[in-house]
Amino acid sequence: MTLTLPPPPAPASPTTLSPFSRAEASRVLSAAKLGEVHVVVAAPGQGKSMFMREEIADRIKAGTLSRVLWAVHAIKKADSLGREAEDAFKALGVDCEIIRPHKHFSSNTKAFQRQFDWPRTPAVRIISHARLPMIFGGGGGLSTRLAGADLLVIDEDPSSGVLLASPTDPYAPRAWNEDGQEPADLRLNTLAASGDPVCVALADVADRAAISAISSAASGTVSGAVTTFASPNNYASAHGLTGTLLWPELARLHPVNTSGLEGALVAVHVRPEEAVLIAVALTEDAARAAAGGPERLRFGVLWPGKTDLTGPALLRYNLRRPLNFNLPVVVLDGYADEAYYTTLFAEQSVTFHGYDPGLLLDVECFQGLALDPMHESTIKALENRTQIAEELARQAAPTGRPQLMIASKKFWKARSLLRWCGLVEVAYHRVGKPEPKRMHWHAGRGLNTYAGRDVYALNAGRLSRMHRHHTLSAVFPDQPLERKRLHVHAEGSELLQMLNRGRQPRYAPPLVRPRIVVGQSQEDVRELLGPLISRVALRDYAPSLLFTRRSHNARWRDMTAALAGELLDSGHFPNGLTATLLKGLPKNGSSSAGSLKAWSALLKFTRTCPVGSHLHSAYHDSGSWQYDDVMNGGASSDDGMLDDAMAAVGLTKVAGKPKVYLKPGATKEQVSHDCAEFVKAHQTKGVAGQLP
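Residues numbered from 1 in each chain as written. Predicted model: local features only at pLDDT ≥ 70, side-chain atom pairs only at ≥ 80, totals over all residues. Heavy atoms only, no water.

Q: Explanation requested: the overall build of the protein chain in the structure shown.
A: Tallying secondary structure elements over the protein chain gives 23 helices and 21 strands in all. Each of the 692 residues in the protein chain was classed as buried or not, and the buried ones make up 52%. Considering only contacts in the protein chain between residues 6 or more positions apart, those separated by 24 or more positions represent 74%. Accessible surface computed for the protein chain: about 29300 Å², of which carbon and sulfur atoms make up 55%. (Helix = DSSP H or I, 4+ residues; strand = E, 2+ residues; numbered from the N terminus. Buried < 20%, exposed > 50% of the residue type's maximum accessible area, 1.4 Å probe, protein only. Contact = heavy atoms within 4.5 Å. Areas by Shrake-Rupley, 256 points an atom, 1.4 Å probe, with all protein chains shown as cover.)

Q: Got a minute to help me understand the pattern of salt bridges in this structure?
A: Think of it this way: side chains of opposite charge can pair up when their charged atoms draw near. Inspection of the entire model under this criterion finds 35 salt bridges. Between E347 and R320 there is a salt bridge, with the nearest N and O atoms lying 2.6 Å from each other. One end of the pair, E347, is in the loop between α12 (338-344) and β12 (349-354); the other, R320, is in the loop between β10 (314-319) and β11 (329-332), and 27 residues separate them in sequence. In this structure, the salt-bridge partner of R555 is E390, at a minimum N-O distance of 2.9 Å. Remark: E390 occurs in helix α13 (residues 379-399) and R555 occurs in the loop between β18 (536-540) and α18 (556-569); sequence separation between them is 165 residues. Residues R555 and E390 agree in their burial class; the two are buried. Here the residues in one salt-bridge network are E284, D285, R288, R296, R298 and D478, joined through shared partners. (Salt bridge = Lys/Arg side-chain N within 4 Å of Asp/Glu carboxyl O.)

Q: Is there a simple way to explain the packing of helix α16 (residues 480-499) against helix α17 (residues 522-529) in this structure?
A: A pair of packed helices is captured by two measures, namely the crossing angle of their axes and the spacing between those axes. Contact geometry of α16 with α17 gives a least axis separation of 7 Å together with a crossing angle of 120°. Here α17 runs oblique to α16, going by the angle between their axes. On α17, the residues touching V488, E491, G492, L495 and L496 of α16 are V525, L528 and L529. (Axes fitted to C-alpha atoms, helices over the stretch in contact; angles between N-to-C directions. Parallel < 35°, antiparallel > 145°, perpendicular 65-115°, else oblique.)

Q: Help me understand the packing of aromatic side chains in this model?
A: For any pair of aromatic rings, geometry is given as the distance between the ring centres together with the angle between the planes. Per the stated rule, a full pass over the model turns up 15 aromatic pairs. Residues Y341 and F352 carry aromatic rings whose centres are separated by 6.3 Å and whose planes lie at 70° to one another, so their mutual orientation is edge-to-face. Linking Y341 in helix α12 with F352 in strand β12, this pair joins segments that are 11 residues apart in sequence. No difference in accessibility class separates Y341 from F352, as the two residues are buried. Members of the aromatic cluster, each reached through a chain of ring pairs, are F136, F325, Y340, Y341, F345 and F352. (Phe/Tyr/Trp six-rings, centres within 6.5 Å; stacked < 30°, edge-to-face > 60°.)

Q: Would you mind going over the sheet that holds strand β13 (residues 361-365) with me for this structure?
A: Hydrogen bonds along the backbone pair up the strands of a sheet, which may run parallel or antiparallel. The sheet built from 6 strands is open, its strands ordered β15-β14-β16-β17-β13-β18 with parallel pairing. Edge positions in the sheet fall to β15 (437-440) and β18, since each has one partner strand and no second. Direction aside, the axes of adjacent strands within the sheet are offset by 25° on average. As defined by bridge partners, strand β14 (residues 403-407) adjoins strand β16 (residues 454-457) across 4 bridges and the pair is classed as parallel. Following the sheet pairing, L404 is matched in β16 by V455. (Pairing = 2+ DSSP bridges.)

Q: Sorry if this is basic, but what is going on with empty space enclosed by the protein here?
A: Over the atoms a probe the size of a water molecule is rolled, and this reveals where empty space is left. For the structure shown, the criterion picks out 4 cavities of 30 Å³ or more. In this model, the second largest cavity occupies a volume close to 80 Å³. P133, M134, E273, E274 and R321 are the residues nearest the centre of the second largest cavity, which is lined by 10 residues in total. Among the elements that take part in the lining of the second largest cavity, helix α11 (residues 272-290) stands out by supplying 3 residues, more than any other. For the lining of the second largest cavity, the per-class residue count stands at 5 nonpolar, 1 polar and 4 charged. (1 Å grid on protein atoms, 1.4 Å probe; cavity = no way out; pocket = protein on both sides within 12 Å on 5 of 7 lines; lining within 4 Å. Points joined across faces, edges and corners; volume = space filled by probe spheres on them. Nonpolar A, V, L, I, M, F, W, Y, C, P; charged D, E, K, R; others polar.)

Q: I'm lost on the pairing of strand β5 (residues 151-155) in this one. Help?
A: Looking along a regular strand, one sees the side chains alternate between the two faces of the sheet. In terms of burial, β5 is a largely internal element, 5 of the 5 residues being buried. Of the two faces of β5, the one carrying L151, V153 and D155 and the one carrying L152 and I154 are both buried. Bridging between strand β2 (residues 67-72) and β5 involves 4 bridges; their strand directions are parallel. If you follow L69 over to β5, its bridge partner there is L152.

Q: What am I meant to see in the confidence of the model for the protein chain here?
A: Detail in the predicted coordinates should be disregarded across regions flagged by low pLDDT. Mean pLDDT for the protein chain: 87, with 89% of residues reaching 70 or above. Counting contacts from residues 1-16, a segment whose pLDDT is below 50, to residues more than four positions away or on other chains yields 34 contacts. A low-confidence stretch, residues 217-223 (pLDDT under 50), is modelled with 5 contacts involving residues beyond four sequence positions or located in other chains. (pLDDT = per-residue confidence, 0-100.)

Q: Mind showing me how you'd approach the packing of helix α20 (residues 593-605) against helix α23 (residues 668-682) here?
A: Viewed as axis vectors pointing N to C, α20 and α23 meet at an angle of 65°, and their least axial separation amounts to 8 Å. Relative to α23, the element α20 is oriented roughly perpendicular. Crossing of α20 against α23: the hand is left-handed. Taking contact as the criterion, the partners of K597, A598, S600, A601, L602, K604 and F605 in α20 are, on α23, F678, V679, A681 and H682. Its residues placed into classes, the contact of α20 with α23 shows 7 nonpolar, 2 polar and 2 charged. (Left-handed = near helix turned anticlockwise from the far one by under 90°.)

Q: Before we go on, may I ask you to explain the nonpolar core in this structure?
A: The tendency in soluble globular proteins is for nonpolar side chains to be buried side by side. One finds L188, L265, V270 and W303 to be the most contacted residues of the largest nonpolar core, which totals 41 residues. Considering every element that reaches this core, the biggest residue donor is helix α8 (residues 197-219), with 10 residues. F116, L327, A336 and L472 belong to the second largest nonpolar core, which has 40 residues in total. (Core = buried A, V, L, I, M, F, W, Y, C linked by side-chain atoms within 4.5 Å.)

Written out as structure tokens, the structure is:
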């Protein structure tokens, strides 16, 4: 038995420029034969799943289909793709149920087991991708009862469920949850306790590598033996030993003989059929390394987490499972890569059906909306995030269109006011709009739940280098350039999938298209999409607030512009504003005599301003004021902040002293006269002190 694969073939695919339709769904189903995989490539929102379900429902009612499996990534949550499919099939009058994991049934084992029995009447059963290898991977569990289906439809890329990855891999499926099996304990010291020489040697290699790395760190040198993998937000996620750094050391300690490895793996709860694959692949990769063959990364030692190598070392593996489908298979994937699927399903004949990619996504780009995961507790980060939340809330107010926010999972975990969720809650409450729906990257592929919403992607959904070096090595163990290409493709397709959540292409003119806004520059989006850049049309986003790159006081300009705008609207300043008067506004930190007089006059004037206005709140109800937490700014050392704020309300600075900001057509003398008269008319005798 061998897991070595030939270089992936690149057969020509039948591609048409017509959109996917009900007729095309019928054609694909009719073309699919036993043991064949047919991949439908049509952009999200074109109705791949809907048309396929409608055609399946009609064939069930006509008696040409009886048992259908429909596989999706997620089945648990109310808004999961599995629940969406279940509701759709039931609406079409089809008997449909989701195959639930063991823990869903608590202690009712019989109820869990009964769901694997096909009913006597036609039915659709919805399964998770993680159950596919349990049905078609050569095991002997309950799931194999479902293998007698007439048709399998896989909705979206099933890689996370199909590939065999150790639980140490963050991209690995958690299939053991499905049937209540204990998770595999892959700590090398536990495996070594079995006495298996390979496990003992691996544990010894891990110990030596850890000692070497710790000694190097203590001496100020860098150890080349251990690679540190970081997640896209620059936090270290794991440390690993693999490839040419692993195999020679392992062979030196003990010739690789995996005769006892299968038993050692099964003893720590690895499934028997998986233990066989692991042992065969380990033998194969060790032999290639001994013969001087190309470096393979399918196996390694991993120290998970952000800490150093003092924690337990684990066995890490990433392998492609040979699945044996004895039924027709249809895959629905909007951005499927032909070489990848041909190799993923190497035991089957794979046919591609390509369709019109549809309208280009209209994507607005603005780096200022990027959520920075670093320095979370700093005032600078808090100000920047608050400004982003206020900007998005302002965008919701005029359109009334609901929104969807997409960010890394960590941003949705806490509701403290110092965290992102709390900032969003406050900002939207202030403008009287409901909070947006939330999603995180790598979740919700294929969902139609958010059609019609404006989509705001606030950071990049990148994949760790572990995906490129480890996960993809399962499919392409000997093609590093192909792994690199597919890593770029995976990141680009993930971005397009998430940006498509609002189903923008469905809203062709004259309908108003939902917006798609990303917190990245156009250059960054082009780099992330790679060859998939042809699917989008990029343009710059025009913010309503004053974003300044690397500002330590991000909202001071917005605050000052809001106050100045209300002064201009009051009718007292038809020609503009003087810098001296503006220094009397809150958060300026000025203590000159002119500023104190201006502050006194504004204090008296704002008593008559509408309650809830910025001017009234700033002077008389600062505790509830939107900008009460803004730091002082705009001093002589950073006059540019004041210039920016005045430009935002349509005023132009005039050089020289005294400094004034003019409306178009006004003169410096007119502005100075207006402001002097205002201060004189509103001066309160005996008021002195410092500005707030």
